[in-house]
Amino acid sequence: MGNYRMCLCFTRKFRVTEAEPPSDVKEAFNKYTEDATHMTAEQLRHFLVELQAEGGGTSAFEAERILEQVLQKRHNIAKLISRRTLLTLDDFHHYLFSPDLNPPIRAQVVHQDMTAPLSHYYIYTGHNSYLTGNQLSSDCSVVPIIEALKRGVRVVELDIWPNSAQDNVHVLHGRTLTTPVELIKCLKSIKEHAFSESPYPVIITLEDHLTPNLQAKVAQMLIETFEDMLFYPESEFVKEFPSPEQLKYRIIISTKPPLEYRKAQTANRKGDDLHKSEEEDLWGKEPLELNTDEHEEDDDTSDSDSSEDNNGGNIGGLSSPGAHEYKHLIAIHARKPKGGLKEVLKIELNKVRRLSLSEQALEKAAESYGTDIVRFTQKNILRVYPKGTRFNSSNYKPLIGWMHGAQMVAFNMQGYGRSLWLMQGMFRANGGCGYVKKPDFVMKNLDNQVFDPKANLPVKKTLKVKVYMGDGWHLDFKHTHFDLYSPPDFYTRVGIAGVPADEIMKRTQKKEDIWTPSWEEEFTFQLTVPELALLRVEVHEHDLSEKDDFGGQTCFPISELEQGIRAVPLFDRKGNKYNSIRLLMRFQFI
């Protein structure tokens, strides 16, 4: 019961009632039962195979186990007395409306091939992973690093600088007011939490601003901290990256090969305008020039290919090389190429590398060189990072990177907003392990043609989505959270994020003054590239006088959707799952 005071002498009372099962749920129950009063385990099995499209492999034993779980959860039955367990319509509805028992996407297990090279995967990637808030004045801490790893992030970025005494290494966002944290603390936190959510490799990308003696100190820290977890190649350059399966429980270092400190000093940019320089990718000149990693423009020297051993041997060495120099620990080389964009995207036969572009540089490059970028990412790694003017740690739209095969779409995980929801949704795929296999058409050239993200493609799949009802807000929010004078007026937005041709958002009607809204509205989405499409779901509370209130969101890959009537849990703005709030929806591919 919720009491809403209208004035000093008048109070409105609203009772929170449990919504009835939708008509489709009643019809399904009647269809799969003989007497329309009770459902047996065998009848439940038929429902799962036929309407829920779970395949003929669903056994009677599995159906019996589900039935027992429902009764135990709903009626708190510690031990079922009768050997003949049956579900009522309300029990059946409770089962369908339980995200734990009837989730909208595949069970949280790794199901994709993990034996391909790293370049074949989208990798859950953080940007400035040590920042607790904005990019200019927030604290640097191990806390956001730990939180990211617990969410399944697999790439952690650390900016490493000398301390004031030049005898130790700090992590901070250079030339800003961010307070530093010691590198060793970050490394120890990574070691402790790296594999708490996923066994697949953690990549540490280092933005290096150190002298040679401090680079040697970092090498010692890495070796002593990670010990056998640390991976490094047997040779300087490799023809192909190893696979996530080969690299399970390993720590990988990615950075520029070290240059002589005096050269870096000579080429160091005049003045403290590093923040501005992050965004000054030069595209207006011929030949087109390109800034790669955010801070690589500090080095006005060519990469070290000519001075290093250009041995194209296989990567995969698990034994320590003779010397433990800093450069020997770099398994993924980030090198600054010379010349225009064609040269930047050149594919080298005997070695692979990592290239970094700002979000703006990628957008500009994609206008004329989209297929060249896709071809480059079939073998090499492309990292995309936020523009430097995102001082508040906001993020950009990740789809442009994924469409072009970019493996590391780097995000401010301490940020917020719909872009971050898309990132979180993408990496709910493949058991949430932080590695998602790229679609075959991005990796393989069909009829000698590279995938063109801008091409007009035919509809490949049609998805029908029905939004039945929602519940749980009265349990997770105070009764006056949305409106001081009455229960909320909820509506749901449903749509697709993907290639431009597939993107669309639709919405239900609002349901007034009710905590358990029932919409029963259906939407149809035609998809040209379903492999890269994400289903977006948001609930808002209509407000006449102010901006509509937020009531929850979720996002997940179309490729992971389970068909049938499903319970969809909702998350808050930061991506934390609500305890009780969920929607009942139906998904159908036609």
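Residues numbered from 1 in each chain as written. Predicted model: local features only at pLDDT ≥ 70, side-chain atom pairs only at ≥ 80, totals over all residues. Heavy atoms only, no water.

Under the annotation held in an unreviewed UniProt entry, the protein carries the name Phosphoinositide phospholipase C and is attributed to Prunus mume. According to the UniProt record, the Catalytic activity (unreviewed entry) comment for the protein is "a 1,2-diacyl-sn-glycero-3-phospho-(1D-myo-inositol-4,5-bisphosphate) + H2O = 1D-myo-inositol 1,4,5-trisphosphate + a 1,2-diacyl-sn-glycerol + H(+)". (UniProt positions renumbered as here; feature names shortened; annotations may be inferred.)

If you tally the helices and strands in the protein, you get 15 helices and 22 strands. Across the 590 residues that make up the protein, the buried fraction comes to 57%. Of the contacts formed within the protein by residues at least 6 apart in sequence, a portion of 74% connects residues at least 24 apart. (Helix = DSSP H or I, 4+ residues; strand = E, 2+ residues; numbered from the N terminus. Buried < 20%, exposed > 50% of the residue type's maximum accessible area, 1.4 Å probe, protein only. Contact = heavy atoms within 4.5 Å.)

A word on the environment of Lys-239. Structurally, Lys-239 is set in the loop between strand 8 (230–231) and strand 9 (251–255). As a C-alpha pair, Lys-239 and Leu-349 span 110 residues in sequence and 6.9 Å in three-dimensional space.

To continue, consider the pattern of salt bridges. With the rule as written, the count across this model stands at 21 salt bridges. For Glu-157, the salt bridge is made with Arg-383, and the minimal N-O distance between the two is 2.9 Å. Here Arg-383 lies in strand 12 (residues 381–385) and Glu-157 lies in strand 4 (residues 155–162), a separation of 226 residues in the sequence. Note on Glu-157: relative accessible area 0%, which makes it buried. Notably, a salt bridge pairs Arg-493 with Glu-538, separated by 3.1 Å at the nearest N-O pair. Pair noted here: Arg-493 is in strand 16 (residues 490–497) and Glu-538 is in strand 19 (residues 534–541), with a separation of 45 residues, a long-range link. What emerges from the salt-bridge pattern is a single network uniting Asp-24, Lys-464, Lys-466, Glu-522 and Arg-586. (Salt bridge = Lys/Arg side-chain N within 4 Å of Asp/Glu carboxyl O.)

Turning to helix 6 (residues 183–193), a few remarks are in order. Looking at helix 6, one finds that the buried residues are Leu-183, Cys-186, Leu-187, Ser-189, Ile-190 and His-193. Within helix 6, the buried residues cover an arc of 160° as seen down the axis, which keeps them to one side. Exposed and facing more than 90 degrees away from the buried side of helix 6 are Lys-188 and Glu-192. (Arc of directions from axis to C-beta.)

So, on to the environment of Gly-370. Positionally, Gly-370 belongs in helix 11 (residues 359–377). Taking the C-alpha atoms as reference points, Gly-370 and Met-403, 33 residues apart in sequence, are found 9.3 Å from one another. Residues contacting Gly-370, with those up to four places away along its chain left out, are Ala-365 and His-404.

Between helix 5 (residues 143–150) and helix 6, the least distance of the axes is 10 Å, while the angle of their chain directions is 20°. Classified by the angle their axes make, helix 5 and helix 6 are roughly parallel. In this structure, helix 5 meets helix 6 at a crossing whose hand is right-handed. Note on element contacts: helix 6 touches helix 5 through Cys-186, Ser-189, Ile-190 and His-193, opposite Ile-145, Ile-146, Leu-149 and Lys-150. Here the residues of the contact of helix 5 with helix 6 sort into five nonpolar, two polar and one charged. (Axes fitted to C-alpha atoms, helices over the stretch in contact; angles between N-to-C directions. Parallel < 35°, antiparallel > 145°, perpendicular 65-115°, else oblique. Left-handed = near helix turned anticlockwise from the far one by under 90°. Nonpolar A, V, L, I, M, F, W, Y, C, P; charged D, E, K, R; others polar.)

Our focus in this paragraph is unusual backbone geometry. Of note in the backbone geometry, Arg-175 takes a positive phi value of approximately 60° without being a glycine. Counting through the fold element by element, Arg-175 comes out in the loop between strand 5 (169–171) and strand 6 (181–182). Arg-175 gets classed as partly exposed once you look at its relative accessible area, which sits at 34%. Its identity is not glycine, yet Glu-520 carries a phi of approximately 50°, on the positive side.

To continue, consider the packing of aromatic side chains. Under the definition given, this model contains 18 aromatic pairs. Measuring from centroid to centroid gives 5.6 Å for Trp-421 and Phe-550, while their planes differ by 35°, and the two rings are tilted. Residue Trp-421 is located in helix 13 (residues 418–426), and its partner Phe-550 is located in strand 20 (residues 549–557); the two are separated by 129 residues in the primary sequence. A relative accessible area of 7% means that Trp-421 is categorised as buried. Judged by its relative accessible area of 8%, Phe-550 falls in the buried class. (Phe/Tyr/Trp six-rings, centres within 6.5 Å; stacked < 30°, edge-to-face > 60°.)

Between helix 6 and helix 7 (residues 212–226), whose axes approach to 10 Å, the crossing angle comes to 30°. Regarding the angle of helix 6 to helix 7, the classification is roughly parallel. Between helix 6 and helix 7 lies a crossing whose hand is right-handed. Residue-level inspection shows Leu-183, Ile-184, Leu-187, Lys-188, Ile-190 and Lys-191 of helix 6 in contact with helix 7, the latter providing Val-218, Met-221, Leu-222, Thr-225 and Phe-226.

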